[in-house]
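Residues per chain are reported as follows:
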Amino acid sequence: MTETAQPLWDELIIGPTVVTLTESADYGCIPDGAIGILDGVLTYVGPAADLPASPDRLAHHVVYAEGTLTPGLIDCHTHLVFGGNRANEFAMRLNGASYEEIARAGGGIRSSVRNTRGADADHLLAESLPRALDLLHDGVTTLEIKSGYGLDLDTERRMLQTARQIGALTAQTVHTTYLAAHALPPEFDNDADAYIQRVTEWLPILHAEGLVDAVDAFCEGIGFSPEQTRRVFEAAQALGLPVKLHADQLSDLHGAELVTQFSGLSADHLEYTNDEGLMAMARTGTVAVLLPGAYHVLRETKQPPIARMRELGVRMAVSTDCNPGTSPLLSLRVAMQLATTHFRMTPLEALQGATVHAAAALGLSDRGQLKPGLRADLALWTVQHPDELTYWLGGNLLQNLWLAGHSLQRRERAPRL
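Residues numbered from 1 in each chain as written. Predicted model: local features only at pLDDT ≥ 70, side-chain atom pairs only at ≥ 80, totals over all residues. Heavy atoms only, no water.

A.B. asks: Mind showing me how you'd approach the sheet that holds strand β11 (residues 214-219) here?
C.D. replies: Adjacent strands of a sheet pair through backbone hydrogen bonds, lying either parallel or antiparallel. An order of β8-β9-β10-β11-β12-β13-β14-β15 is seen for the 8 strands of this open sheet, with the pairing classed as parallel. Of all the strands in the sheet, just β8 (73-75) and β15 (316-318) have a single pairing partner and so form its edges. When the angles between neighbouring strand axes are averaged without regard to direction, this sheet yields 25 degrees. Summarising the sheet, strand β13 (residues 266-269) and strand β14 (residues 287-290) pair through 3 bridges and their orientation is parallel. Paired with A267 across the strands is A288, a residue of β14. (Pairing = 2+ DSSP bridges. Helix = DSSP H or I, 4+ residues; strand = E, 2+ residues; numbered from the N terminus. Axes fitted to C-alpha atoms, helices over the stretch in contact; angles between N-to-C directions.)

Pasting the structure below:
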């Protein structure tokens, strides 16, 4: 009986330091490593010296590379689709205005709502796509995009449709999150319960149109109460949709504990989260998504309880929180650097936070590490050691990117690196 010949791999990458992130306590580096790719999936991850045959007998295309190869970065919390900007509020904040004062004066989220409602589909895509490309050219192969600047059915739909278009145009994996419970629109002033009822009514409509992957809410004094948030989560649960939460950013409303009651994917921000919430997250596996961009721009002083998260084994993701008001941040690598500087995360924790733990925050188990059987989302960097990814503040460190095994440098009509 003759053996069936193994198919040639589509691509074989030889030479870089391969950062597998398969060990929790270190990078899992393989010097002079090799990566085999077939049909968008990793088939070999190991030393080049241990390849089972000569490169030309293993793959259709062989790439000899130097530098450091990591999983593609994952930005698991963004508000990337919006109209206009709020640079004026940045100036106001520098002159002493608080987040709450700006919001109550008609700025904040409501300002972005006005600009986003006024943008048609083409305009919204034209404004938002460059932001996604900035993230792509910074190594981001997967990102989440939230709605929440429409606060009416038509604009929420348009935002989510734009997010889907961005994924189609860039080849990034885009996960969409319904965040209509982001702020109270002016037409519902003083009637938050009535607005939440609308939010729960719009959700099944948009879900039936294939536009919703998860559901989020802003549980805060200037947002929505825990009871109102629970109604949104119950509507999501009825549709089988996972939930996540803007939790405990400005005060402790027990948001982290609330989202764990629905087996939430993540609790995000968490500056004021109490110990009961952290212990609940540890029990349920809910990921802590840390957003140092907002902490930096708002010049906050209350840090998330990082040491306690470490002690309890809560997984910590890092994200840009790209948004027009509190985190106009277009680099996940800079977010990682801010996490090390402001929150004292280690470079390893920051990279894990933008890969394997960020994948968990989106409910994805097929990426974020480098091992056979996982999706071939890869980032090749000019640096010699992964610590340098958080050491350098800015700079063009990316050499090449693979999205499901397709090299961005060779992809037709791809944005250039």
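A.B. asks: Explanation requested: the pattern of salt bridges in the structure shown.
C.D. replies: Once the charged atoms of two side chains with opposite charge are near each other, the side chains can pair. One pass over the structure, following the stated rule, counts 18 salt bridges. With a closest N to O distance of 2.6 Å, D275 and R308 form a salt bridge. Taken as a pair, D275 in helix α10 (residues 275-284) and R308 in helix α12 (residues 306-312) lie far apart in primary sequence, 33 residues in all. Here D377 ties to R375 by a salt bridge, and the two come within 2.8 Å at their closest N and O atoms. Under the relative-accessibility criterion, D377 is labelled buried at 4%. Residue classification places R375 among the partly exposed positions, given a relative accessible area of 21%. Linked by salt bridges that have partners in common, E144, K146, D216 and K244 make up one network. (Salt bridge = Lys/Arg side-chain N within 4 Å of Asp/Glu carboxyl O. Buried < 20%, exposed > 50% of the residue type's maximum accessible area, 1.4 Å probe, protein only.)

A.B. asks: How should I be thinking about the nonpolar core in this particular structure?
C.D. replies: Note that soluble globular proteins tend to have their nonpolar side chains buried in a common cluster. Membership of the largest hydrophobic core comes to 96 residues, with the highest contact counts inside it found for I166, Y178, Y195, V215 and M309. I13, I37, V45 and L378 belong to the second largest nonpolar core, which has 15 residues in total. (Core = buried A, V, L, I, M, F, W, Y, C linked by side-chain atoms within 4.5 Å.)

A.B. asks: Sorry if this is basic, but what is going on with the sheet that holds strand β4 (residues 33-38) here?
C.D. replies: One open sheet accounts for 4 strands, arranged β5-β4-β1-β6; its pairing is mixed. The sheet terminates laterally at β5 (41-47) and β6 (59-64), the two strands that pair on one side only. Each adjacent strand pair in this sheet contributes to an overall mean axis angle of 15 degrees, direction not counted. For strand β1 (residues 9-14) and β6, the ladder comprises 5 bridges, and the chain directions are parallel. Residue pairing across strands places E11 opposite H61, the latter belonging to β6.

A.B. asks: How do you make sense of empty space enclosed by the protein when you look at a structure like this?
C.D. replies: If a probe as big as a water molecule is rolled over the atoms, it shows which places are left empty. Counted by the stated rule, this structure contains 2 cavities of 30 Å³ or more. Here the largest cavity is characterised by a volume of approximately 120 Å³. Looking at the largest cavity, it is lined by 13 residues, and the ones nearest its centre are Y99, I109, H182, N323 and T326. Per-class residue counts for the lining of the largest cavity are 4 nonpolar, 7 polar and 2 charged. Of the volumes computed, that of the second largest cavity is approximately 40 Å³. Around the second largest cavity sit P71, G72, I74, T141, T142, R367, G368, Q369, R375 and D377, which together line it. (1 Å grid on protein atoms, 1.4 Å probe; cavity = no way out; pocket = protein on both sides within 12 Å on 5 of 7 lines; lining within 4 Å. Points joined across faces, edges and corners; volume = space filled by probe spheres on them. Nonpolar A, V, L, I, M, F, W, Y, C, P; charged D, E, K, R; others polar.)

A.B. asks: Mind showing me how you'd approach the packing of helix α5 (residues 121-136) against helix α6 (residues 153-170) here?
C.D. replies: In a pair of packed helices, the angle between the axes and the distance between the axes together describe the arrangement. Two elements in contact, α5 and α6, have axes whose closest approach is 9 Å; the angle formed by their N-to-C orientations is 50 degrees. By the criterion of interaxial angle, the relationship of α5 to α6 is oblique. When the axes of α5 and α6 are compared, the crossing they make is right-handed. Two secondary-structure elements touch here, α5 through A121, L124, L125, S128, L129, A132, L133 and L136 and α6 through R158, M159, T162, Q165, I166, L169 and T170. (Parallel < 35°, antiparallel > 145°, perpendicular 65-115°, else oblique. Left-handed = near helix turned anticlockwise from the far one by under 90°. Contact = heavy atoms within 4.5 Å.)

A.B. asks: Hey, could you run me through the environment of I35 in this one?
C.D. replies: Within the secondary structure layout, I35 lies in strand β4. Linking I35 and T260, residues 225 residues apart in sequence, is a C-alpha distance of 37 Å. With near-sequence residues (within four places) excluded, I35 lies in contact with E11, L12, I13, V18, L42, Y44, V45, L69, L370 and L378.

A.B. asks: Just to check I follow, could you spell out the layout of surface pockets for this structure?
C.D. replies: Here the largest pocket defines a volume of roughly 380 Å³. Taken together, 20 residues form the lining of the largest pocket, with A103, R104, R110, A183 and I222 sitting closest to its centre. Secondary-structure elements contributing two or more residues to the lining of the largest pocket are α2 (87-94), α3 (99-104) and α4 (109-117). Class assignment for the residues of the lining of the largest pocket results in 8 nonpolar, 6 polar and 6 charged.

A.B. asks: Just checking my understanding: could you explain the UniProt feature "binding site: 4-imidazolone-5-propanoate" (unreviewed entry) in the chain for this structure?
C.D. replies: Under the present numbering, the feature "binding site: 4-imidazolone-5-propanoate" (unreviewed entry) in UniProt falls on R86, Y149, H182, Q249 and T326. Lining of the largest cavity among the annotated residues: R86, Y149, H182, Q249 and T326. Within the secondary structure layout, Q249 lies in the loop between β12 (244-247) and α9 (255-260). With near-sequence residues (within four places) excluded, Q249 lies in contact with F218, E220, H269, E271, Y272, A294 and L298. Checked against the element boundaries, T326 lands in the loop between β15 and α13 (332-343). (UniProt positions renumbered as here; feature names shortened; annotations may be inferred.)

A.B. asks: Is there a simple way to think about the packing of aromatic side chains in this case?
C.D. replies: In this description, an aromatic ring pair is defined by two values, namely the gap between the centres and the angle between the planes. What the rule picks out here adds up to 8 aromatic pairs. Between W9 and Y44, the ring centres sit 6.1 Å apart and the planes meet at 20 degrees, which makes this aromatic pair stacked. Of this pair, W9 sits in strand β1 while Y44 sits in strand β5, and the two are 35 residues apart along the sequence. Between Y195 and W202, the ring centres sit 5.8 Å apart and the planes meet at 75 degrees, which makes this aromatic pair edge-to-face. With respect to class, Y195 is no different from W202; both count as buried. Every member of this aromatic cluster is reached through a ring pair, and the members are F188, Y195, W202 and F224. (Phe/Tyr/Trp six-rings, centres within 6.5 Å; stacked < 30°, edge-to-face > 60°.)

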